[in-house]
Amino acid sequence: MRRVVQFSTGNVGRHSLRAIIGRSDLELVGVHASGPSKIGRDAAELCDWNEPTGVIATDDVDALIALRPDCVVYTALAETRPMEAIEELSKILAAGIDVVGTSFVWMAAPRYAGDWVREPLEKACAAGGSSLYINGIDPGYSGDTLVHTALSLATRVATITVQEIFDYANYDDAEYTGAAMGFGVSEDDELPPLYLPGVVESMWGGQVRSLADGLGITLDEVRQRTERWFTPERIDCTMMTVHPGQMAAVRFATEGVLDGRVVITLEHVNRLTAAAAPEWDFPPDGHVGVHRVVIDGDPRVEVNTHVSHPVLDPTDAGCISTAARVVNAIDWVCDAPVGLVAVEDIPQAAIIKGLMWAPDREPQLPV
Ligand SMILES: NC(=O)c1ccc[n+]([C@@H]2O[C@H](COP(=O)([O-])OP(=O)(O)OC[C@H]3O[C@@H](n4cnc5c(N)ncnc54)[C@H](OP(=O)(O)O)[C@@H]3O)[C@@H](O)[C@H]2O)c1
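Computed from a prediction, not measured in an experiment: that's the story for all the values here. Residue positions are given per chain, counting from 1 as you read along its sequence in written order. In view of the model being predicted, local features appear only for residues whose pLDDT reaches at least 70, and side-chain atom pairs are presented and counted only at 80 or more, with totals across whole chains, interfaces and linings using the full set of residues. Excluding hydrogens and water, the side-chain values take into account all heavy atoms of the structure.

## Points about helix α1 (residues 13-22)
Exposure categories follow from relative accessible area, calculated using a 1.4 Å probe and restricted to protein chains: below 20% of the type maximum is buried, above 50% is exposed, and the middle band is partly exposed. The helix count covers DSSP runs of H or I at least four residues long, the strand count covers runs of E at least two residues long, and both are numbered beginning at the N terminus. Counted residue by residue, α1 has 9 buried out of 10 residues, so it is predominantly covered. Among all positions in α1, only Gly13, His15, Ser16, Leu17, Arg18, Ala19, Ile20, Ile21 and Gly22 are buried. What makes two residues a contact is simply this: any of their non-hydrogen atoms within 4.5 Å. Looking at the buried residues of α1, the elements they touch are β1 (2-7), β2 (26-32), β4 (71-74) and α8 (314-327).

## A closer look at the site of the ligand
When at least one non-hydrogen atom of a residue lies within 4 Å of a molecule or strand, that residue is treated as near it. Looking at the ligand, there are 25 residues lining it, with Thr9, Ser34, Lys38, Glu79 and Asp138 nearest. Taking Leu77, its main chain carries an N or O atom lying 2.9 Å from an oxygen atom of the ligand. Pairs of N or O atoms are called polar contacts if they sit within 3.5 Å, as long as, within protein, a hydrogen donor faces a hydrogen acceptor (for residues adjacent in sequence, only side-chain-to-side-chain pairs). Contacts to the ligand include Pro139, whose backbone N or O atom sits 2.8 Å from a nitrogen atom. Working definition of accessibility: Shrake-Rupley area with a 1.4 Å probe, residue cover restricted to the visible protein chains. With the chains in place, 82% of the 910 Å² that the ligand exposes on its own is no longer accessible. Residue type decides the class: Asp, Glu, Lys and Arg count as charged, Ala, Val, Leu, Ile, Met, Phe, Trp, Tyr, Cys and Pro as nonpolar, and the leftover types, Gly among them, as polar. Residues belonging to the shell around the ligand are distributed by class as follows: 9 nonpolar, 12 polar and 4 charged.

## Quick notes on the pattern of salt bridges
A pair is scored as a salt bridge if a Lys or Arg side-chain nitrogen falls within 4 Å of a carboxyl oxygen belonging to Asp or Glu. Scanning all chains against the criterion turns up 22 salt bridges. Between Asp335 and Arg2 there is a salt bridge, with the nearest N and O atoms lying 3.0 Å from each other. You can see Asp335 sitting in the loop between α9 (330-334) and β15 (339-341) and its partner Arg2 sitting in strand β1, a full 333 residues away along the chain. Residue class for Asp335 comes out exposed when judged on its relative accessible area of 59%. Judged by its relative accessible area of 17%, Arg2 falls in the buried class. The salt bridge involving Glu302 is made with Arg292; its shortest N-O contact spans 3.7 Å. Separated by 10 residues along the polypeptide, Glu302 in strand β14 (residues 301-305) and Arg292 in strand β13 (residues 289-298) bring together distant segments of the chain. Relative accessible area serves as the criterion here: at 35%, Glu302 is assigned to the partly exposed category.

## Thoughts on the domain arrangement of the protein chain
When the domains of the protein chain are assigned, the result is domain 1 (2-136 + 319-361) and domain 2 (141-306). With 16 residues of domain 1 at the interface, the matching set in domain 2 holds 14 residues. As used here, buried area is the combined drop in accessible area, with a 1.4 Å probe, of two parts when they are placed together. Note on domain 1 versus domain 2: buried area summed over both sides is about 1300 Å², and carbon and sulfur give 56% of it. Scanning the region where domain 1 abuts domain 2 turns up 1 salt bridge. Between Asp144 and Arg325 there is a salt bridge; the shortest N-O distance is 2.9 Å. Delimitation of the domains relies on an automatic or database domain assignment.

## Overview of the packing of aromatic side chains
Stacked, edge-to-face and tilted are the three classes for Phe, Tyr and Trp ring pairs, Trp counted by its six-membered ring, which pair at centre distances within 6.5 Å; planes under 30 degrees apart are stacked, over 60 edge-to-face, the rest tilted. What the rule picks out here adds up to 8 aromatic pairs. Seen in terms of ring centroids, Phe104 and Trp106 are 6.4 Å apart; in terms of plane orientation they differ by 55°. Their pairing is tilted. The same class applies to Phe104 and to Trp106, which are both buried. Centroid distance Tyr168 to Tyr171: 6.1 Å. Interplanar angle 50°. Geometry classified as tilted. Linked through ring pairs, Phe7, Tyr74, Phe104, Trp106 and Trp116 together constitute an aromatic cluster. Here the guanidinium or amino end of Arg271 rests over the ring plane of Phe282, the centre of that ring lying 3.7 Å away. Two conditions define a charge located above a ring, namely a distance within 6 Å from the ring centre to NZ of Lys or CZ of Arg, and an angle within 35 degrees of the ring normal.

## Some points on the side chain of Asp167
Along the polypeptide, Asp167 turns up in strand β7 (residues 156-167). When charges are tallied, Lys and Arg are placed among the positive residues and Asp and Glu among the negative ones, while His and the ends of the chain are skipped. Within the buried core, Asp167 has no salt-bridge partner, and the shortest N-O distance to an opposite charge, that of Arg271, equals 6.4 Å. Here the side chain of Asp167 touches Ala169 through a polar contact of 2.8 Å, landing on its backbone nitrogen. Asp167 has contacts with Arg271, Leu272, Thr273, Ala274, Val288 and Thr315, leaving out every residue within four places of it along the chain.

## Brief notes about the environment of Val341
As for its position among the elements, Val341 is in strand β15. For Val341, a relative accessible area of 3% gives the class buried. Between the C-alpha atom of Val341 and that of Ala109, which follows or precedes it by 232 residues, the distance is 9.0 Å. Residue contacts for Val341: discarding those within four places in its chain leaves Pro110, Arg111, Ser131, Leu132, Tyr133, Trp332, Ala336 and Ile346.

## Describing the packing of helix α3 (residues 82-94) against helix α4 (residues 115-128)
To describe two helices that pack against each other, one gives the angle between their axes and the distance between the axes. Each axis is a line fitted through C-alpha atoms, and for a helix only the stretch in contact is used; angles between axes span 0 to 180 degrees, taken between their N-to-C directions. Where α3 contacts α4, the axes come no closer than 7 Å and their chain directions differ by 15°. Considering their axes alone, α3 and α4 lie roughly parallel with respect to each other. Of the two possible hands of crossing, α3 and α4 adopt the one that is right-handed. Here Pro82, Met83, Ile86, Leu89, Ser90, Leu93 and Ala94 of α3 come into contact with α4, specifically with Trp116, Val117, Pro120, Leu121, Ala124, Cys125, Ala127 and Gly128. Each residue belonging to the contact of α3 with α4 can be placed in one class, and the counts come to 13 nonpolar, 2 polar and no charged. Working rule for angles: under 35 degrees goes down as roughly parallel, over 145 as roughly antiparallel, 65 to 115 as roughly perpendicular, anything else as oblique. Here a crossing is called left-handed whenever its near helix is offset anticlockwise from the far helix by less than a right angle, and right-handed whenever the offset is clockwise.

Below, the structure is given as structure tokens:
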């Protein structure tokens, strides 16, 4: 039984919280919440779980460390407060507590992450004798496990194209996803940070370099491209209302170039409703979204991943999968060597244990 603290209860965190409560091989011993309306409430209330857990949300990081958990699941927003989050995470790691997390998207391929984020976290692991594993669905799964799976079916590869194509219209997250991607921003407004030189590359470039190293090739360069689409008509959706002249779709990619041609592409196509950017790629068969890899080689291999849920929006289903990528690895990471853990280190067959919950702990659907 692993004793676990869930750190944050947002889009991803409330799903990891449900998994920790539900699994009989994990024991929820603490939960962190930063929002004043959440502090002091039972963890069950923060993730729509029916039975109280007796675990009360706190914003006291020291008190959570004092519980001496085996692992902390860190899903607090980090990209808008990176230095504060590095400090918070370092404190936990230096106290000898292992961490799995979805935050710090720069760390999905940890050995290729920028020094500014990798070094302090590595040092904290060394100081505490602890391990850190960061992953997600994208960045994460689509640029690592999905690609590895597709490559296992080919004897030769010419190019690798990975895409997240997702309609975020029904995703109720204007505050972070909307703002970070620049939906609703006019062409004349200040450029959202995502489109500044090097930003996309800093987030997805590590996975491109990791794939290149895995393939045994030396890239000429890793570069980014970004393109925004501004709507001529008003678009109303759950995320927001987009007025004419404002951004309603984006396409951006990180590319690995070999001998002057692009051989590895990690691309996002994100839009608000199907009316946006009608000439860009759509998911197949009317799906809201897809995480796809296409291997051009012998043979051509295409794998399309669709996550969905009977009640929740597919984007929320993606948040469940994001949580799964790290919660499923808790047991393995708790026994891992000290330091940063990359997905390649983890035998994938070793992290399915515990996924079939006992019948008396069937998950209740969120209302
Ligand atoms: N790689 C992937 O596929 C993938 C996919 C989705 C998300 N992510 C990453 O995972 C992380 C969580 O995403 P999310 O969508 O769940 O984010 P979110 O819902 O916007 O925020 C997560 C939580 O962070 C906490 N938080 C926000 N500001 C804070 C502050 N100043 N101090 C302490 N805690 C603060 C809040 O926790 P409380 O509400 O409990 O107070 C909030 O609910 C992000 O870093 C995101 O980039 C990665």
